[in-house]
Amino acid sequence: MLYSFLSKSQVQVRFLKHLAAAVSASLALSSITSLKPSPVLAASNIPPANQTSTQLAAKPDSSLQLGQLRTTVPVQTMQLEPGGFIPIAIGGMIIILVLPLFFGGLVVIGDREVGIVSKKFSFGGKSLPPGDLIALNGEAGYQADTLPPGWHWGYWPLQYNVRKESLTVVPQGEIGLIIAAGGQSIPPQRILGKITECDNFQDARQFLKGGGEKGRQLGILTGGSYRINTALFTVITAANAAKHGMTAEQLKLYRIAPDKVGIVTTFDGVPIQDGEIAGPIIPNHDNFQNAQKFITAGGRRGLQEQVLLSGSWNLNPWFVGVDQVAMTEIPIGYVGAVISYVGKTSEDVSGAAFTHGNLVNVGNKGVWVTPLYPGKHPLNTRILKVELVPTTNIVLNWSGKTERHSYDSQLSSLTVRSQDGFAFDLEVAQIIHVGALDAPKVISRVGSMQNLVDHVLQPTIGNYFRNSAQAYSVLDFLSARSGRQAEAAEYIKAALRTYDVQAIDTLIGDILPPAELMQTQTDRKIAEEQCKTYEVQQLAQTQRQQLVRETALAEIQQEMVKSEQGVKISELKANSQVKQAQGEAESIRVKGNAQAEAYRAGVVALGGSGYTALQLMQIIGDRNVRVVPDVAVTGNGSGGGLVDGLLGMMMWNQTSKNGENGGELPLVNLQKSEPTVLESATKLPVAKVHPAKPPTSHANSPVANAEADINSRFDELPFDDRSFS
């Protein structure tokens, strides 16, 4: 501090002078303390060893003359003892090291320290101006400049008090708040001191000269180490927050969770304009982290239109407060009609045809013409209201049933009165649809979907059915239900179209007429049904009789068909036999003609007798006529012929079974002593061949005559019957 207004060369010269003076003074003092006095007297007046100089002076001696007195004045000499150099050196070192602390004002500041200087008095008599706490021009009191690490001279303990303070450390992830004890007063329209260029509050002189304001500051300290003049600034961190009425959580970075949005309220700035509920968006203030830029640009205190998104932010809790809310979610099948309470008032963009409300562009005050589509939107729900409008078909029930959307929770069945004076309940279901681009129009007109149901659909549909029911009796209404439903659908579709709502369909549910009327109607219907049942039964019996009749006719018809078919089959068989007989006759005729021609040719060629013999031999060969007997038995008249014949027959049968001799029958010759007398040929059985009777048409033909001749000759041959087997 002593040399703060001198140049560097002047400081060095003065420092060397002070150092040399301190060394000289220390050497002189050490040499003086190391010498011993030694008195020297005249040779004639040397006192005994046991007398002191005081005793000599006190002793009267009249014989002494004035001159003698002058010559006997004692003289003291300094003698240096041989072992006195070491104490001189040690004392000199102590003087060199200790005296500068008192006479040179040496102060040593460590690397992690800062020196806070307080001046006890000023030689010029300067004092601080009223209201000031920190001295800028050498006045007594706390000084604006601090001492950095190192050796500092000229701070004599009699005039200065240097307090060593540790560095101010703000941990990472936290902030430090500042309270200034000196400076200008904060203007009445603000509550926090403005930010002044002062190297993050490390230069108190610059803070005070730059117009820094006392009290709580807009500026904050982020994570790091700072050399703060604690005589001027008080730093609040999480470690000492409780001492200042705050919580450690307030001194940490403000974090906004994902899927959340931060709604901001500022505590400093100019007031919000009349008629507005939130401050407008101010650009270039780094999301409220640079509070001075926000205030300089005209930022207003209170609720802000701008929001903070997910992340960590260095926010001054004295300047801004944040309330986290969930993002606005538009589900699938819905759109969001936005109603803004802030923004510029602009002209209606809905068009001349839309006369029941105003639509504005996005960002202006009113109902936005563009809806929000499905998704998550970071909206400030304090200044914006989102009405969800279903874009799928909505079913509204005028009955005891309630859909999931609950728009029809207050609806009940309609009570109507018919033309014949009966009151009955009617259940109706209405299906509607609101297009995405029509949603803002609907909200601008009625305010919400619930208002649409309560103020538009309920009176429209209820009044229509009450009016239409009076034109019909209860029974007519019941019998013509489909017609009433179609009429209602057309009317309601046209009525809702004026509200930008599409009526998809109108459905009539249960119709509940009076019980007594329904009882008579039920009895009548039962009687009618019974009549219909009897008619049906009668018709069934009639049909049954018809069926029996038709069944009998069908059976007779089957026999008739069989008979007719039998007749036709017989006719066909007869015709077939006639045709077959005609064919056979024709075949016989042709064959007979051919044979006749053949016989005629044979007779011509061989003659009658020769051709006859030839034909005879051919017949014998074709018919396998055996001329020679299979078994011939001969005897000599001894009476054994029968036995021999039987034995021969047995051998013939056995041979024919075994197939010996190539299947040929053996010829057995039994030799007897006497020759056997053969019976006459006339007694032997003769094989007769009866040829087919020739047709009468050829009886007189030459061929027929030849055949007859051959047959007669063949009959005369003496053949055994077995020869033809």
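Residues numbered from 1 in each chain as written. Predicted model: local features only at pLDDT ≥ 70, side-chain atom pairs only at ≥ 80, totals over all residues. Heavy atoms only, no water.

Enquirer: What should I look at first to understand the overall build of the protein chain in this one?
Expert: The helix and strand tally for the protein chain stands at 13 helices and 28 strands. Looking at the 725 residues of the protein chain, the share that counts as buried comes to 32%. Restricting to contacts in the protein chain with at least 6 residues of sequence separation, those with at least 24 account for 77%. (Helix = DSSP H or I, 4+ residues; strand = E, 2+ residues; numbered from the N terminus. Buried < 20%, exposed > 50% of the residue type's maximum accessible area, 1.4 Å probe, protein only. Contact = heavy atoms within 4.5 Å.)

Enquirer: Help me understand the sheet that holds strand β11 (residues 215-221) in this model?
Expert: As a general point, the strands of a sheet are linked pairwise by backbone hydrogen bonds and lie either parallel or antiparallel. Strands sit in the order β11-β10-β13 across an open sheet of three strands; the sheet is antiparallel. Both outer strands of the open sheet, β11 and β13 (233-236), are each paired with one neighbouring strand and no more. The average angle at which neighbouring strand axes cross in this sheet is 30°, direction not considered. Of the pairings in the sheet, the one linking strand β10 (residues 176-180) to β11 comprises four bridges and is antiparallel in character. (Pairing = 2+ DSSP bridges. Axes fitted to C-alpha atoms, helices over the stretch in contact; angles between N-to-C directions.)

Enquirer: What should I look at first to understand the pattern of salt bridges in this one?
Expert: Two side chains of opposite charge can pair, provided their charged atoms sit close to one another. Taken as a whole and judged by the stated rule, the model has 14 salt bridges. A salt bridge links R445 to D500, with the nearest nitrogen and oxygen atoms 3.3 Å apart. With R445 in helix α7 (residues 439-446) and D500 in the loop between α10 (481-497) and β28 (502-512), this pair connects stretches of sequence that are 55 residues apart. Given a relative accessible area of 19%, R445 falls into the buried group. (Salt bridge = Lys/Arg side-chain N within 4 Å of Asp/Glu carboxyl O.)

Enquirer: Looking at this structure, how should I read α10?
Expert: Residues that lie three or four places apart on an α-helix share one face, since the helix turns once every 3.6 residues. Counted at 1.5 Å a residue, the expected span for α10 with its 17 residues is 24 Å, and the 24 Å between its end C-alpha atoms agrees. The complete set of buried residues in α10 reads R484, A488, A489, I492 and L496. When α10 is viewed along its axis, its buried side chains cluster within an angular range of 140° and face the same direction. Of the exposed residues in α10, the ones pointing more than 90 degrees away from its buried face are E490 and A494. Turning to α10, the residues buried within the fold contact β27 (423-433), α8 (449-469), α9 (474-479) and β28. (Expected span 1.5 Å × (residues − 1). Arc of directions from axis to C-beta.)

Enquirer: Sorry if this is basic, but what is going on with the environment of N229 here?
Expert: Here N229 is to be found in the loop between β12 (224-226) and β13. You can call N229 buried: its relative accessible area is 2%. Sequence separation of N229 and R205 is 24 residues, and the distance between their C-alpha atoms is 10.0 Å. Every residue in contact with N229, bar those within four places of it in the chain, is listed here: I116, Q143, A144, T146 and A204.

Enquirer: Explain the packing of α7 against α8 here, please?
Expert: The axes of two packed helices give the description: the angle between them and the distance between them. Between α7 and α8, the least distance of the axes is 9 Å, while the angle of their chain directions is 60°. Taken together, the axis directions place α7 and α8 in an arrangement best described as oblique. Handedness of the crossing formed by α7 with α8: left-handed. Residues V442, I443 and V446 of α7 pack against M449, N451, L452 and V456 of α8. For the contact of α7 with α8, the residue count by class is six nonpolar, one polar and no charged. (Parallel < 35°, antiparallel > 145°, perpendicular 65-115°, else oblique. Left-handed = near helix turned anticlockwise from the far one by under 90°. Nonpolar A, V, L, I, M, F, W, Y, C, P; charged D, E, K, R; others polar.)

Enquirer: What is the right way to read α8 from this model?
Expert: End to end, α8 covers 28 Å across 21 residues, agreeing with the expected 30 Å (1.5 Å per residue, within 8%). Inspection of α8 places M449, L452, V453, V456, L457, T460, I461, G462, Y464, F465, S468 and A469 among the buried residues, and these make up the whole buried set.

Enquirer: Help me out: how do you make sense of the nonpolar core in this one?
Expert: Ranked by size, the top nonpolar core spans 41 residues in total, and within it L396, W398, F465 and L496 carry the most contacts. The dominant element in this core, judged by the number of residues it contributes, is α8, at nine residues. Core analysis: the second largest hydrophobic core is formed by 25 residues, I220, V264, F288 and V320 among them. (Core = buried A, V, L, I, M, F, W, Y, C linked by side-chain atoms within 4.5 Å.)

Enquirer: Before we go on, may I ask you to explain the packing of aromatic side chains in this structure?
Expert: The geometry of an aromatic ring pair comes down to the distance between the two centres and the angle between the two planes. Under the defined criterion, the tally for this structure stands at 10 aromatic pairs. A ring pair is formed by Y155 and Y160, whose centres lie 5.2 Å apart and whose planes are at 70°; its orientation type is edge-to-face. Taking 5.7 Å as the distance between ring centres and 55° as the angle between the ring planes, the aromatic pair formed by F424 and F477 counts as tilted. Pair noted here: F424 is in strand β27 and F477 is in helix α9, with a separation of 53 residues, a long-range link. Per residue, the accessibility class of F424 equals that of F477, and both read buried. Three or more aromatic residues joined by ring pairs form one cluster here, namely F201, F207 and F233. When the ring centre of Y472 is taken as reference, the NZ or CZ atom of R484 above it lies at 3.8 Å. (Phe/Tyr/Trp six-rings, centres within 6.5 Å; stacked < 30°, edge-to-face > 60°. Lys NZ or Arg CZ within 6 Å of the ring centre and 35° of its normal.)

Enquirer: Whenever I open this one, the packing of α8 against α10 confuses me. Can you help?
Expert: Running from N to C, α8 and α10 cross one another at 145°; their axes reach a closest spacing of 11 Å. In the packing of α8 onto α10, the handedness of the crossing is right-handed. Contact residues: α8 offers V456, L457, T460, I461, Y464 and F465, while α10 offers R484, E487, A488, Y491, I492, A495 and L496. Taken together, the residues that form the contact of α8 with α10 break down as 10 nonpolar, one polar and two charged.

Enquirer: Please explain the sheet that holds strand β5 (residues 134-135) as it appears in this structure.
Expert: An order of β5-β6-β4-β8 is seen for the four strands of this open sheet, with the pairing classed as mixed. Each having just a single partner strand, β5 and β8 (160-166) make up the two edges of the open sheet. Across seven bridges, the pairing between strand β4 (residues 113-119) and β8 is antiparallel. Counterpart to E113 in the pairing with β8 is S166.

Enquirer: Can you help me understand the environment of G215 in this one?
Expert: One can find G215 in strand β11. Those residues in contact with G215, other than ones at most four positions away along the chain, are I178, I179, A180 and I186.

Enquirer: Looking at this structure, I do not really get the environment of Q306. What am I missing?
Expert: Looking at where Q306 falls in the secondary structure, it is placed in strand β16 (residues 302-308). A polar contact of 3.2 Å, which involves the side chain of Q306, links it to the side chain of H285. Within polar-contact distance, the side chain of Q306 engages the side chain of N287 at 3.1 Å. (Polar contact = N/O pair within 3.5 Å; in protein donor to acceptor, adjacent residues only side chain to side chain.)

Enquirer: Would you mind going over unusual backbone geometry with me for this structure?
Expert: Note: most peptide bonds trans; most residues except glycine with negative phi. Positive phi is not limited to glycine here, since D259 has a value of about 60°. With respect to the secondary-structure elements, D259 resides in the loop between β14 (254-256) and β15 (260-266). Given the relative accessible area of 44%, D259 is considered partly exposed. Non-glycine residue D500 carries a positive phi angle of around 60°.

Enquirer: Can you walk me through the pairing of β27 in this structure?
Expert: The buried count for β27 comes to eight of 11 residues, which makes it a mostly enclosed element. Sheet analysis places strand β25 (residues 394-398) next to β27, joined by five bridges and oriented antiparallel. What sits directly across from N397, in β27, is A429. The pairing of strand β26 (residues 414-417) with β27 spans four bridges and is antiparallel. Counted as the bridge partner of R417 is A423 from β27. Counting the residues in the hairpin turn of β26 and β27 gives five residues, including G421, whose phi is positive at 90°. When β27 meets β28, the two strands line up antiparallel, connected through eight bridges. Each residue of the ladder has a partner; that of D425, found in β28, is L512.

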